[in-house]
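Okay, here's what each chain looks like letter by letter:
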Amino acid sequence: MTPTLDLSGRVAVITGASRGIGYFVAKELAAAGAHVIAVARTVGGLEELDDEIKAAGGQATLVPLDLADMAGIDRLGGAIHERWGKLDILVANAAVLGVISPIGHVEAKTFEKVMTINVISTWRLIRSVDPLLRLSDAGRAIILSSNAAHSARAFWAPYAASKAAVETMMRSWAHETENSAMRVNAADPGATRTAMRAQAVPGEDPETLPHPQDIAKRIVPLASPALKETGLIFQAKHNRFVAYRQPE
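Rules and cut-offs
Residues numbered from 1 in each chain as written. Predicted model: local features only at pLDDT ≥ 70, side-chain atom pairs only at ≥ 80, totals over all residues. Heavy atoms only, no water. UniProt positions renumbered as here; feature names shortened; annotations may be inferred. Helix = DSSP H or I, 4+ residues; strand = E, 2+ residues; numbered from the N terminus. Expected span 1.5 Å × (residues − 1). Buried < 20%, exposed > 50% of the residue type's maximum accessible area, 1.4 Å probe, protein only. Arc of directions from axis to C-beta. Contact = heavy atoms within 4.5 Å. Pairing = 2+ DSSP bridges. Axes fitted to C-alpha atoms, helices over the stretch in contact; angles between N-to-C directions. Phe/Tyr/Trp six-rings, centres within 6.5 Å; stacked < 30°, edge-to-face > 60°. Lys NZ or Arg CZ within 6 Å of the ring centre and 35° of its normal.

With an unreviewed UniProt entry as reference, the protein is termed Oxidoreductase, source organism Mesorhizobium sanjuanii. Entered under Sequence similarities (unreviewed entry) in the UniProt record, the comment concerning the protein runs "Belongs to the short-chain dehydrogenases/reductases (SDR) family."

Spelled out as structure tokens, the structure:
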């Protein structure tokens, strides 16, 4: 786990927490002492996470929620305010791939779902918890992104566009909060042994990729109250922050 990071008394929301990177980020945050609010559609995965967190002495609150339910996201912010009065950590991890396909062949419903879950729900989540993060003495937001946002590789248009949009929202939010106690960054996990990666690259040997737990261990320190960086991308593969630059 992350023994050197003390998040005792801090409250963290993680979306997409029922599997993959989100699952292990939630476990790592709980191991560091945070009360984890685990959000996902899959109840079974959330219950398994809850069992593991509690067995290790941690605390979690489960929120079964489809992020297409925008009113539900709004209610989540209200519920957090009512129970805890603040939020210390947001990990916006949930996303869908859509399809790997020529852009002209992507069905409208597929493109719209990618934008709804990856972009609109992320904005709605930010809107819901921004006031709560500002009430923390060290609010930390971690927005999961992807190298696809920059490589714009062939056949990845819906997912790549969604992650580029998410990163731009993150940068704007970071500028808005740079003179506050908040820190807002994107995290690029790189190719990881997840179900989404298997869907995107089915011929790839998953054993050649890092396990999501290893990636989670690198991402969780971005939640530290001691973090100074904001408005950057954290590349988990290289364990470093990188800055944005304008087109040349």
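J.: I'd like a description of helix α2 (residues 43-55), backed by residues and values.
T.: Taking 1.5 Å as the rise per residue, α2 with 13 residues should run 18 Å; its terminal C-alpha atoms sit 18 Å apart, in good agreement. Buried within α2 are the following residues: Gly45, Leu46, Leu49, Asp50 and Ile53. Summarising the axial view, the buried residues of α2 lie within an arc of 140°, below the 170-degree limit, and thus occupy one face. Facing away from the buried side of α2, by more than 90 degrees, are the exposed residues Asp51 and Ala55. Against α1 (20-31), β2 (35-40) and β3 (59-64) lie the buried residues of α2. Two residues or fewer after α2 comes Gly57, characterised by a positive phi angle close to 90°.

J.: For unusual backbone geometry, give the residues involved together with the corresponding values.
T.: Peptide bonds are, in most cases, trans, and in most cases residues other than glycine have a negative phi. A positive phi is found at Ala152, a non-glycine position, where the angle reads about 45°. Owing to a relative accessible area of 57%, Ala152 belongs among the exposed residues under this scheme. In this structure, Phe155 takes a positive phi of about 80° despite not being glycine. When you line up the elements, Phe155 lands in the loop between α5 (148-151) and α6 (157-177).

J.: I'd like to hear about the sheet that holds strand β1 (residues 11-15), residue by residue, with values.
T.: Where strands meet in a sheet, backbone hydrogen bonds hold them as pairs that are either parallel or antiparallel. One open sheet accounts for eight strands, arranged β3-β2-β1-β4-β5-β6-β7-β8; its pairing is mixed. Each edge of the open sheet carries a strand with a single partner, namely β3 and β8 (240-242). For this sheet, the mean inter-axis angle between neighbouring strands, taken without regard to orientation, is 20°. Against the sheet, α2 engages β2 and β3, with an angle of about 175° to β3. The strands that helix α4 (residues 108-134) touches are β1, β4 (89-92) and β5 (140-144); relative to β4, the one it contacts most, it runs at about 175°.

J.: Before we move on, could you go through the packing of aromatic side chains and cite the residues and values that matter?
T.: Here the structure, examined in full by the defined rule, presents three aromatic pairs. Judged by centre distance (5.3 Å) and plane angle (65°), the rings of Phe234 and Phe241 are edge-to-face. The buried category is assigned to Phe234, whose relative accessible area is 5%. Of note, Arg153 hangs over the ring of Trp156, and the distance from its end group to the ring centre comes to 4.5 Å. We note Arg171 situated over the ring of Tyr244; from NZ or CZ to the ring centre the distance is 4.1 Å.

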